[in-house]
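Each chain, letter by letter, is given below.
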Amino acid sequence: MRLRTGIAWLAVVVAQSAAAADWPTYLADPQRSGVTTEALAMPLRAAWTWRSILAPRPAWPSPADLPGLVQVVGFDKAYQPVVAAGRVLFGSSADDTVYCLDAATGRELWTYTTEGPIRIAPTVTEGRVVVPSDDGYLYCLGAEKGELLWRCRVAPEERRIPGNGRMISAWPVRCGVVVKDGIAYAAAGLFPPYGVSICAVRVDTGKEVWRQTAKFPCQGYMVAMNDWLVAPSGRTAPHMYDRNTGGYVKPVPGFRNLGGTYSTAFDDLLMHDFSESGGGLMAFQPATGAYLVHHKGMGRRMVAGKDLAFIVSPDSLEAFDRAAIRARQLASKWRVPFKDGHALALAGALVLVGGDKRVAAFQSADGKEAWSAAVDGTVHGVAVAGGRLFVSTDTGMLYCFAKTAGGAAAPAKIAPVPGPGVSADSAALITKIATAAARSSGSAKGYCLVAGVGSGFMATELARMTAMQVVCVESNPVRIAEARAFLRARGLYGSRVVIHRLDGARLPYADGLMNLVVSESLIETGEMPVGSDEIGRVLRPCGGVLAVGGAGGVVKTSALEVWGRGLPEWKVEAGAMVWATARRGKHDGA
């Protein structure tokens, strides 16, 4: 099956490559150059538009409007598109899903959902799609159908905690993915005292090549440059690692050691930023360690053509003599106003810029505007492939512009129903139990665990009744897929409810996180899918509540009593509806 998939994908690639270049990773290549030889025929027309049900949910909000505060981590403000073999792919930070669309029509071809927000764009290589996730894993999917080929944990261990409003790995994968010579490189972890892992994995097999522990945080898009990996770190300057071993090499010089999450390499030079707000750009020569020039004009992004380099700033697009950079000079050739520019690319003789509610193309030679279009939101992502321009914004919009106009593509919306395979009587019982559980918890906020997701209706009801983040566990992959589809159609998946695979007896969560624990599986099968010792471990001290129940003909009182022995304040009430609760008190000695 994999051989057939690879041959089919190869046939598509061969047919496409004769006429058009791809954009298979963030900013086109491992150097993050943002440059392609692909030509765009002006004027472009709107071919199709995709509107995501949920807008992007960046990990870090914008800073308070106070003097001296700037945003240094903003790489996930939009769903960054990549394009290969006539397909456009992007990952969602809102519903944890990779989407694959037909590049010509915007029609959805397949999706795959991970167990955490996807904040870094996927990379397509040799018929495979490599995807990083906040759940601490790298995923490799088949590019044609989206099936899972392998999954590799970059995080040092399986441990999930609340972070950025979601339940994520203590070591989310937020740096990478860069693929070079068949090896995928990524990093997981934000806080060095707790460990930051950098690893290299073979794309064809998922086998780990090397793993190192870094002393610095890794956030943003990694750059592959010669035998080095350049890893942005956020508030400090980037750091360099040996691509062959993962060993630490040296820091990249920064102005007052400031940094951001953006870097780009051209020739033997590296350019990196200070902040997403436009703190400036610095050019550095890694081989010699020489700092060359500092663009203090609040530059955000740069692309380098044959003779000119282009920098977009909060208020302008400017062209510089590329050769002069090596001579430690920034010799301006032309400058045009442009409001709040964030995204930048070079396609043939055109410089493409995205900013506040607008995307535009300028002639690289003289800066004359060749084309522009209005968009919804601020542009943070651009990609060029197959004669098409793809533009993504912070409102969750993805636009395709091409020579020929087209229609609109949008995700299907399903009419509300109780849930897959749930009768009206079952829905009424689930609602009754969810209402009683929410009341017994005494908490409207926090985290709720649904042990056994069932249809997903219990999770839906708790999301409606409370302000809790609802986390579900389930071992049946079919039930997981059905419940995710049910929840996503209602705009709940990711934003309010997530489903994690239950693999073994141990829950993947840290101790004492859950304000409330319920179960839909108990209603269906009469059995709890998780041991009581694990439920007790994850209950929050000082008031965490387990509240479960079901019809007396399904749930056996005696079996449930035995299951919960050892839980604090464990009570089981028999009757037409069996009802059981436990409440965790203070820690011993508290």
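Note: the structure precedes this text.
All values reported here derive from a predicted model rather than from experimental measurement. (Residues numbered from 1 in each chain as written. Predicted model: local features only at pLDDT ≥ 70, side-chain atom pairs only at ≥ 80, totals over all residues. Heavy atoms only, no water.)

(A) Fine view of the overall build of the protein. Looking only at helices and strands, one finds eight helices and 41 strands in the protein. Its C-alpha atoms give the protein principal-axis dimensions of about 85 × 55 × 50 Å. Out of the 590 residues belonging to the protein, those deemed buried represent 60%. Relative to all contacts within the protein whose residues are 6 or more apart in sequence, the contacts with residues 24 or more apart total 56%. Within the protein, the 51 negative side-chain charges are centred at a point lying 2 Å from the centre of the 62 positive side-chain charges. (Helix = DSSP H or I, 4+ residues; strand = E, 2+ residues; numbered from the N terminus. Buried < 20%, exposed > 50% of the residue type's maximum accessible area, 1.4 Å probe, protein only. Contact = heavy atoms within 4.5 Å. Lys, Arg positive; Asp, Glu negative; His and termini not counted. Charge placed at Lys NZ, Arg CZ, Asp CG, Glu CD.)

(B) Expanded view of the sheet that holds strand β29 (residues 332-337). Spatial ordering of the open sheet is given by β26-β27-β28-β29, a layout of four strands whose pairing is antiparallel. Of all strands in the sheet, those with a lone pairing partner are β26 (301-304) and β29, marking the two edges. Looking at each pair of strands side by side, their axes are set apart by 15° on average, direction ignored. (Pairing = 2+ DSSP bridges. Axes fitted to C-alpha atoms, helices over the stretch in contact; angles between N-to-C directions.)

(C) Region of the structure containing the nonpolar core. The biggest cluster of nonpolar side chains holds 78 residues, and the ones touching the most others in it are W23, W48, M302, L389, F390 and F401. Element by element, the count of residues in this core is highest for strand β32 (residues 369-385), at eight residues. If near-sequence neighbours (up to four positions away) are discounted, W23 is found in contact with A28, G34, V35, T36, P81, V82, V83, A345, V382, A383, V384 and A385. Membership of the second largest hydrophobic core comes to 63 residues, among which are A459, V473, L546 and V572. (Core = buried A, V, L, I, M, F, W, Y, C linked by side-chain atoms within 4.5 Å.)

(D) Layout of the packing of aromatic side chains. Scanning the model with the defined rule gives 16 aromatic pairs in all. Centroid distance W50 to F90: 6.4 Å. Interplanar angle 70°. Geometry classified as edge-to-face. Separated by 40 residues along the polypeptide, W50 in strand β2 (residues 45-51) and F90 in strand β4 (residues 87-91) bring together distant segments of the chain. Overall, F90 belongs to the buried group, its relative accessible area being 2%. Through a chain of ring-to-ring contacts, the aromatic side chains of W50, Y79, F90 and Y99 assemble into a single cluster. (Phe/Tyr/Trp six-rings, centres within 6.5 Å; stacked < 30°, edge-to-face > 60°.)

(E) Region of the structure containing the packing of helix α3 (residues 424-441) against helix α4 (residues 457-465). Taken N-terminus to C-terminus, the directions of α3 and α4 make an angle of 45°; their axes are 9 Å apart at the nearest point. With respect to their mutual orientation, α3 and α4 come out oblique. Handedness of the crossing formed by α3 with α4: right-handed. The segment α3 lies against α4, with A427, I430, T431, I433, A434, T435 and A438 engaging F457, M458, E461, L462, R464 and M465. Here the residues of the contact of α3 with α4 are counted per class, giving nine nonpolar, two polar and two charged. (Parallel < 35°, antiparallel > 145°, perpendicular 65-115°, else oblique. Left-handed = near helix turned anticlockwise from the far one by under 90°. Nonpolar A, V, L, I, M, F, W, Y, C, P; charged D, E, K, R; others polar.)

(F) Region of interest: the state of the cysteines. Across all of its chains, the model carries zero disulfides by this definition. Between C448, a cysteine without a disulfide, and C472, which holds the nearest cysteine sulfur, the sulfur-to-sulfur distance is 7.7 Å. (Disulfide = S-S within 2.5 Å.)

None of this, on its own, says anything about what the molecule does.
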